[in-house]
Amino acid sequence: QVQLVESGGGLVQAGGSLRLSCAASGRTFSSYMMGWFRQAPGKEREFVAAISRAGGMTYYAGSVKGRFTISRDNAKNTVYLQMNSLKPEDTAVYYCAAGSNWGATRDREYDYWGQGTQVTVSS
């Protein structure tokens, strides 16, 4: 079992940057692919980015590609989401998740979830 705790959210102006972190417990972190999702008020949770177990492969939602970067440090049991050129429409609660199926973009395909961290981008 994996427990996930996100941090790094906050309030930032449009055009600014934030880096989210997700710390995982347990010794099996490197056996999971990791993803980031977000949920804006009144909207369904949506896929943002994912990274393979060793970190060599990544993929992104079209809305964030070129602005966000996902990375991981298996020695620290941590996955990151660097968010640049933030827009007001990026405002949401951001969740990290651990899963077993590479290529998964639907939240039901992930097994473990953090509690989320709020990101608010002001215009």
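Up top you'll find the structure we're talking about.
We now turn to the structure provided with this report. All values derive from a computational prediction rather than experimental measurement.

**Digging into the state of the cysteines**
- Tallied over the full model, the rule gives 1 disulfide.
- Between C22 and C96 runs a disulfide, and the two sulfur atoms are separated by 1.9 Å. Looking down the S-S bond of the C22 and C96 bridge, the torsion is 45°, so its handedness is right-handed. With C22 in strand β3 (residues 18–24) and C96 in strand β9 (residues 92–99), this residue pair connects regions lying 74 residues apart in the sequence.
- In this structure C22 comes out as buried when scored by relative accessible area, which is 0%.
- In this structure C96 comes out as buried when scored by relative accessible area, which is 0%.

**A short note on the pairing of strand β8 (residues 78–83)**
- For β8, the buried fraction is high: 5 of the 6 residues fall into the buried class.
- Sheet topology places β3 next to β8; 6 bridges connect them, and they run antiparallel. What sits directly across from R19, in β8, is Q82.
- As paired strands, strand β7 (residues 68–73) and β8 are joined by 6 bridges and run antiparallel to one another. Counted as the bridge partner of R72 is V79 from β8.
- What sits between β7 and β8 in their antiparallel hairpin is a turn of 4 residues, with N77 showing a positive phi close to 55°.

**Some thoughts on the environment of T105**
- Relative to the helices and strands, T105 is located in the loop between β9 and β10 (110–113).
- Given a relative accessible area of 37%, T105 falls into the partly exposed group.
- Between the C-alpha atoms of T105 and L11, which are 94 residues apart in sequence, the distance is 27 Å.
- What T105 contacts, discounting residues up to four positions off in sequence, is F37, F47 and Y59.

**A short note on the pattern of salt bridges**
- Counted under the stated rule, the structure contains 5 salt bridges.
- Residue R45 pairs with D107 through a salt bridge whose shortest N-O separation is 3.4 Å. In this pair, R45 sits in the loop between β4 (33–39) and β5 (46–51) while D107 sits in the loop between β9 and β10, placing the two residues 62 residues apart along the sequence.
- Among the ionic pairs, E109 bridges to R106, the shortest N-O distance being 3.4 Å.
- Three or more residues are tied together by salt bridges with common partners; here these are R38, E46, R67 and D90.

What counts as what
- Residues numbered from 1 in each chain as written.
- Predicted model: local features only at pLDDT ≥ 70, side-chain atom pairs only at ≥ 80, totals over all residues.
- Heavy atoms only, no water.
- Disulfide = S-S within 2.5 Å.
- Helix = DSSP H or I, 4+ residues; strand = E, 2+ residues; numbered from the N terminus.
- Buried < 20%, exposed > 50% of the residue type's maximum accessible area, 1.4 Å probe, protein only.
- Pairing = 2+ DSSP bridges.
- Contact = heavy atoms within 4.5 Å.
- Salt bridge = Lys/Arg side-chain N within 4 Å of Asp/Glu carboxyl O.

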